[in-house]
Number of protein chains: 2
Amino acid sequence: MAGLPHGAEKINDNRPDNKHRYCVVMCGGIGTRFWPYSRTDMPKQFIDILGTGRTLLQMTVDRLLPLIPMENMLVVTNARYADLVKEQLPELDPSQILLEPDRRNTAPCIAWAAYHLAAKDPEATMIVTPSDHFITRERLFEAEVLRGFEFIEEHDALLTLGVNPTRPDTGYGYIQVGSPVTSDVSRVKTFTEKPDLELARVFVDSGEFLWNAGIFLWKASVIKEAIARWLPDLAAELDLGADCFGTPRENDFINAHFGLCPRISIDYGVMQKADNVCVERVEFGWSDLGTWGSVYDNSPKNRDSNVTQNCNVLTYDSTGNIFAVRDRKLVVASGLHGYIVADTGDVLMICPITAEQSIRQIVSDVESRFNGKFV
Amino acid sequence: MAGLPHGAEKINDNRPDNKHRYCVVMCGGIGTRFWPYSRTDMPKQFIDILGTGRTLLQMTVDRLLPLIPMENMLVVTNARYADLVKEQLPELDPSQILLEPDRRNTAPCIAWAAYHLAAKDPEATMIVTPSDHFITRERLFEAEVLRGFEFIEEHDALLTLGVNPTRPDTGYGYIQVGSPVTSDVSRVKTFTEKPDLELARVFVDSGEFLWNAGIFLWKASVIKEAIARWLPDLAAELDLGADCFGTPRENDFINAHFGLCPRISIDYGVMQKADNVCVERVEFGWSDLGTWGSVYDNSPKNRDSNVTQNCNVLTYDSTGNIFAVRDRKLVVASGLHGYIVADTGDVLMICPITAEQSIRQIVSDVESRFNGKFV
């Protein structure tokens with residue numbers, strides 16, 4: 001350690017600003033794309049989908065712990081997942097888990113967290129992050145998030161992280177970069193929806209577009225102001241409980257009022273409208289793990305290019321498969337190329353990786369055919 | 001019932017000869033071809049491989065019960081399978097289960113059964129049948145087996161059943177028919193090994209060749225004489241216990257001497273040598289269920305030509321598969337054609353039906369790689 005700058009190995013202890021920095025982990029999603037591995041009662045963020053030994057939620061908290069004290073972590077999830085969060089993050093105090101009584105998209109989720117934090121700490125700054133994405137180059141992530149905190153501590157801006165695109169991915173939204181504010185941060189010119197391949201190529205080649213990672217940084221007070229301006233109905237609903245946030249009455253208030261908040265995303269409701277939106281260009285590796293294909297891409301492969309998770313696999317003339325099978329089961333495959341083999345004990349799915357877009361239809365068919373069983 | 005001939009519905013009660021007729025079910029095999037569905041501790045004959053609700057052993061006994069009283073059934077199996085036999089055939093008295101201490105091929109198995117029955121009933125006649133084959137047209141089977149009993153009751157012959165071939169199968173042995181003895185029974189000219197396809201076609205087209213079903217009928221005394229003549233070492237070993245058979249000392253004698261009997265098949269040791277061998281041409285449907293392909297052929301199929309056993313199956317663009325999966329598991333398959341999908345809880349195997357000959361190699365690989373686990 002002698003060669004490191006003083007305190008570099010214990011970044012928390014040496015940063016006086018650290019105590020006002022909070023992390024809000026959005027953990028209420030119920031994706032179907034990883035069925036049967038993910039289920040309504042066990043969504044993707046609670047699963048060790050990459051076979052690392054840690055779930056995506058745990059990895060999300062792990063990677064922010066060098067920057068944010070554990071007591072400043074906040075997990076917002078659906079009430080039905082309370083036990084899963086407690087089980088996977090036993091270090092959290094129950095007061096650090098905000099339980100949504102209802103699914104209302106990201107704006108009400110983030111608004112509640114902002115009201116909660118602002119009541120608790122008027123100087124609160126926050127990073128808002130999905131709980132089910134995958135990030136590589138974590139040291140770079142730390143440095144870039146730190147830079148983001150420093151930026152929003154100095155500017156009353158809504159900062160989003162824009163990932164330098166490495167390929168013309170048609171599964172992501174893009175952010176067009178505008179005029180620079182600092183060397184790393186610029187104004188946002190436009191947010192775009194998922195482009196077709198031709199447009200995605202134009203985006204990437206232009207150098208002006210970044211992937212929208214859905215990770216935000218801002219002061220709690222600044223996002224509250226933005227919500228008051230751009231989503232006045234939402235602000236009005238939460239303002240009714242102004243004296244409840246940070247008190248024992250907060251949960252009762254939320255249970256009574258959250259269902260009355262408008263269903264809207266923070267992107268559509270605030271980011272695409274506000275005039276103080278900035279983007280920090282980041283270089284860390286990022287995937288939203290939105291598809292089995294991205295899980296395949298982000299997982300270690302054996303010499304036959306198969307991904308094998310939590311199972312013993314013996315393959316003959318079989319390449320490019322994902323074997324996601326629980327409980328150290330033995331899987332023997334012969335003559336199988338490019339398939340997802342997902343086995344969860346009660347369900348076995350065998351599906352070409354290239355046909356994974358049909359999983360939504362499969363889940364719908366299973367749901368209607370078996371009266372909700374297996375879903 | 002009024003229109004039926006008197007007693008036709010209760011054939012047992014009306015056949016005085018019936019009480020000397022015995023059935024010997026050979027039940028000691030340990031095939032690997034249905035791995036992972038069959039295991040060393042659960043061979044094919046103990047499995048409901050066709051998904052009918054009855055195991056192959058149970059079906060074997062079921063189809064002979066119209067001809068043979070239950071108390072005249074004898075099951076010869078390996079000592080390790082004693083509990084499985086008792087569980088699947090609870091109607092048997094323990095004295096009806098002969099437990100081989102060792103695997104010695106079919107000649108010692110049949111010889112023991114013949115010594116056992118001859119000691120018990122000097123007039124005993126017997127049908128010897130594998131426990132893991134599949135037979136259709138069971139009324140025809142009954143009539144043809146009855147005819148076989150009548151033949152060997154009148155002739156001191158070794159009678160084998162020859163199935164009229166419906167295709168040039170290269171997986172079966174063939175019997176060449178010689179001069180006729182009765183309208184249904186002929187002398188055997190030759191037994192042949194499994195032919196290549198060209199030769200199999202010649203066999204079938206000639207009309208002179210029948211499939212060797214491995215089902216035999218004879219008097220116990222006649223097969224004893226044949227063994228004494230053609231397998232004198234085997235006869236000599238068993239003759240040492242001449243006064244033990246049919247007594248409480250029989251099992252001790254067998255445990256001491258069975259392992260000293262030569263390992264040889266009844267076909268090679270007796271049938272291919274003896275001069276009193278006859279064949280009855282039979283027309284019932286027969287398969288040795290020697291391959292997953294034959295299980296596929298003999299199983300009911302859904303409208304996508306998939307065979308689904310003991311499982312819920314939802315398929316998309318998937319045809320010609322066998323899904324042999326336990327415990328009503330849900331299987332979803334997409335873009336899968338002509339595969340065996342066998343799931344036994346601890347093992348999942350996905351293998352093209354056309355590659356099933358490699359299962360022996362797979363089992364060998366699994367055995368060496370996992371120290372005997374999973375086999």
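Parameters and conventions
Residues numbered from 1 in each chain as written. Chains lettered and ligands numbered in written order. Predicted model: local features only at pLDDT ≥ 70, side-chain atom pairs only at ≥ 80, totals over all residues. Heavy atoms only, no water. Helix = DSSP H or I, 4+ residues; strand = E, 2+ residues; numbered from the N terminus. Rg over C-alpha atoms; globule rule 2.2 N^0.38 Å. Buried < 20%, exposed > 50% of the residue type's maximum accessible area, 1.4 Å probe, protein only. Contact = heavy atoms within 4.5 Å. Lys, Arg positive; Asp, Glu negative; His and termini not counted. Charge placed at Lys NZ, Arg CZ, Asp CG, Glu CD. Least-squares fit on C-alpha atoms with pLDDT ≥ 70 in both. Disulfide = S-S within 2.5 Å. pLDDT = per-residue confidence, 0-100. Buried area = accessible area lost by both parts, 1.4 Å probe. Salt bridge = Lys/Arg side-chain N within 4 Å of Asp/Glu carboxyl O. Polar contact = N/O pair within 3.5 Å; in protein donor to acceptor, adjacent residues only side chain to side chain. Pairing = 2+ DSSP bridges. Axes fitted to C-alpha atoms, helices over the stretch in contact; angles between N-to-C directions. Phe/Tyr/Trp six-rings, centres within 6.5 Å; stacked < 30°, edge-to-face > 60°. Lys NZ or Arg CZ within 6 Å of the ring centre and 35° of its normal. Expected span 1.5 Å × (residues − 1). Arc of directions from axis to C-beta.

Re the overall build of chain A
And then number 1: Looking only at helices and strands, chain A has eleven helices and 17 strands in total.
And then number 2: Taken against the 2.2 N^0.38 rule, which gives 21 Å for 375 residues, the C-alpha radius of gyration of chain A at 21 Å falls within 12% of a compact globule.
And then number 3: Once the C-alpha set of chain A is aligned to its principal axes, its extents read approximately 60 × 50 × 45 Å.
And then number 4: Within chain A, buried positions represent 57% of all 375 residues.
And then number 5: Restricting to contacts in chain A with at least 6 residues of sequence separation, those with at least 24 account for 66%.
And then number 6: For chain A, the distance from the average position of its 37 positive side-chain charges to the average position of its 51 negative side-chain charges is 3 Å.

Brief notes about the relation of the copies chain A and chain B
And then number 1: With an RMSD of 0.0 Å, the fit of chain A onto chain B corresponds to turning through 180° and sliding 0.0 Å along the axis. Such values leave the two copies arranged in the relation of a two-fold axis. Residues of chain A ranked by C-alpha distance from the rotation axis are headed by A:Gly345, positioned 3.6 Å from it.
And then number 2: Looking at chain A, 100% of its interface residues are interface residues in chain B too, so the copies touch through the same face.

A word on the state of the cysteines
And then number 1: Evaluation of the coordinates by the stated rule reveals zero disulfides over all chains.
And then number 2: No disulfide involves B:Cys244; its nearest neighbouring cysteine sulfur is the one of B:Cys261, lying 13 Å away.

Looking at the confidence of the model for chain A
Low pLDDT means the predicted coordinates in that region are not meant to be read closely.
Residue and element names in this part refer to chain A.
And then number 1: Summing up the model confidence of chain A, the mean pLDDT is 91 and the portion of residues at 70 or higher is 95%.
And then number 2: pLDDT under 50 marks residues 1-14. Its contacts with residues more than four places away, or in other chains, come to ten contacts.
And then number 3: Quick note on the complex model: pTM equals 0.81, ipTM equals 0.79.

Looking at the interface of chain A and chain B
And then number 1: Counting from both sides, the interface comprises 33 residues of chain A and, opposite them, 33 residues of chain B.
And then number 2: Buried area between chain A and chain B, both sides added, is near 2,600 Å², and the carbon and sulfur share of it is 63%.
And then number 3: Of all residues in chain A, A:Leu330, A:Leu348 and A:Ile350 bury the most surface against chain B, accounting for 24% of the area lost on that side.
And then number 4: Linking chain A with chain B are two salt bridges.
And then number 5: In this structure, the salt-bridge partner of A:Asp343 is B:Lys329, at a minimum N-O distance of 2.8 Å.
And then number 6: In this structure, the connection of chain A to chain B is made through 18 residue pairs in polar contact (both at pLDDT 80 or more).
And then number 7: Looking at the side of chain A that touches chain B, the elements that each hand over two or more residues are β13 (312-316), β15 (330-334), β16 (339-343), β17 (347-352) and α11 (359-369) of chain A.
And then number 8: Among the elements that make up the side of chain A that touches chain B, the one with the highest residue count is β17(A) (six residues).

Details of the sheet that holds strand β12 (residues 307-309) of chain A
And then number 1: Read from one edge of the open sheet, six strands run β12(A)-β14(A)-β16(A)-β17(A)-β15(B)-β13(B), paired in mixed fashion. Of all the strands in the sheet, just β12 of chain A together with β13 (312-316) of chain B have a single pairing partner and so form its edges. Mean inter-strand twist for the sheet, computed between neighbouring axes without regard to direction, equals 5°.
And then number 2: Bridge analysis of β16(A) against β17(A) gives five bridges, and the strand direction is antiparallel. Across the sheet, the residue bridging to A:Ile340 is A:Cys351, located in β17(A).

Things to note about the side chain of A:Thr344
Residue and element names in this part refer to chain A.
And then number 1: When you line up the elements, Thr344 lands in the loop between β16 and β17.
And then number 2: You can call Thr344 buried: its relative accessible area is 11%.
And then number 3: A polar atom in the side chain of Thr344 sits 2.9 Å from the side chain of Arg39.
And then number 4: Residues in contact with Thr344, not counting those within four places in the same chain, are Pro36, Tyr37, Arg39 and Arg326.

Focus on the packing of aromatic side chains
One pair of aromatic rings is described through two measures. These are the centre distance and the angle between the planes.
And then number 1: Under the criterion given, the structure shown has 28 aromatic pairs over all chains.
And then number 2: Among the aromatic side chains, those forming a connected cluster through ring pairs are A:Phe34, A:Tyr37 and A:Trp292.
And then number 3: If you follow A:Lys224 out to its NZ or CZ, it ends over the ring of A:Tyr115, 4.3 Å from the centre.
And then number 4: Above the face of the B:Phe141 ring, B:Arg63 is positioned so that its terminal group lies 5.9 Å from the ring centre.

Things to note about helix α4 (residues 138-154) of chain A
And then number 1: Helix length check: α4(A) (17 residues) gives 24 Å between terminal C-alpha atoms against 24 Å at 1.5 Å per residue, within 8%.
And then number 2: Within α4(A), burial applies to A:Phe141, A:Glu142, A:Glu144, A:Val145, A:Leu146, A:Gly148, A:Phe149, A:Phe151 and A:Ile152.

Section: helix α6 (residues 220-230) of chain A
Residue and element names in this part refer to chain A.
And then number 1: Here α6 has its buried residues at Ala220, Val222, Ile223, Ala226 and Ile227. Viewed end-on, α6 has its buried residues packed into an arc of 165°, placing them on one side of the element. Exposed and facing more than 90 degrees away from the buried side of α6 are Glu225 and Arg229.
And then number 2: The inward-facing, buried residues of α6 abut α3 (106-120), β4 (125-130), β6 (158-163), β9 (209-219), α7 (232-239) and α9 (266-271).

Re the packing of α6(A) against α7(A)
And then number 1: α7(A) packs onto α6(A) with a crossing angle of 120° between their chain directions and a minimal axis gap of 5 Å. For the pair α6(A) and α7(A), contact is made by A:Ile227, A:Ala228, A:Arg229 and A:Trp230 and by A:Pro232, A:Leu234 and A:Ala235, respectively.

Here we look at unusual backbone geometry
All names here are of chain A.
And then number 1: A cis amide bond, omega 0°, links Trp35 with the succeeding residue Pro36.
And then number 2: Mapped onto the elements, Pro36 comes out in the loop between β1 (21-26) and α1 (56-64).
And then number 3: You will see that Arg137, though not glycine, has its phi angle at about 55°, which is positive.
And then number 4: Among the structural elements, Arg137 can be located in the loop between β5 (134-136) and α4.

Let's talk about the pairing of β15(A)
And then number 1: Among the five residues of β15(A), five are classified as buried, and the element is accordingly described as predominantly covered.
And then number 2: Pairing of β13(A) with β15(A) involves five bridges; the strand directions are parallel. By the bridge assignment, A:Val313 is partnered in β15(A) with A:Val331.
And then number 3: Relative to strand β17 (residues 347-352) of chain B, β15(A) runs parallel, the two being bridged by four bridges. The residue of β17(B) that forms the bridge with A:Ala333 is B:Ile350.

Some points on the environment of B:Asn72
Residue and element names in this part refer to chain B.
And then number 1: Tracing the sequence through the fold places Asn72 in the loop between α1 (56-64) and β2 (73-78).
And then number 2: Relative accessible area serves as the criterion here: at 7%, Asn72 is assigned to the buried category.
And then number 3: For the pair formed by Asn72 and Lys329, sequence separation is 257 residues and the distance between their alpha carbons is 40 Å.
And then number 4: Not counting residues within four places of it along the chain, the set of residues in contact with Asn72 comprises Asn18, Lys19, His20, Arg21, Tyr22, Cys23 and Gln96.
And then number 5: Only 2.8 Å separates the side chain of Asn72 from the backbone oxygen of Arg21, close enough to count as a polar contact.

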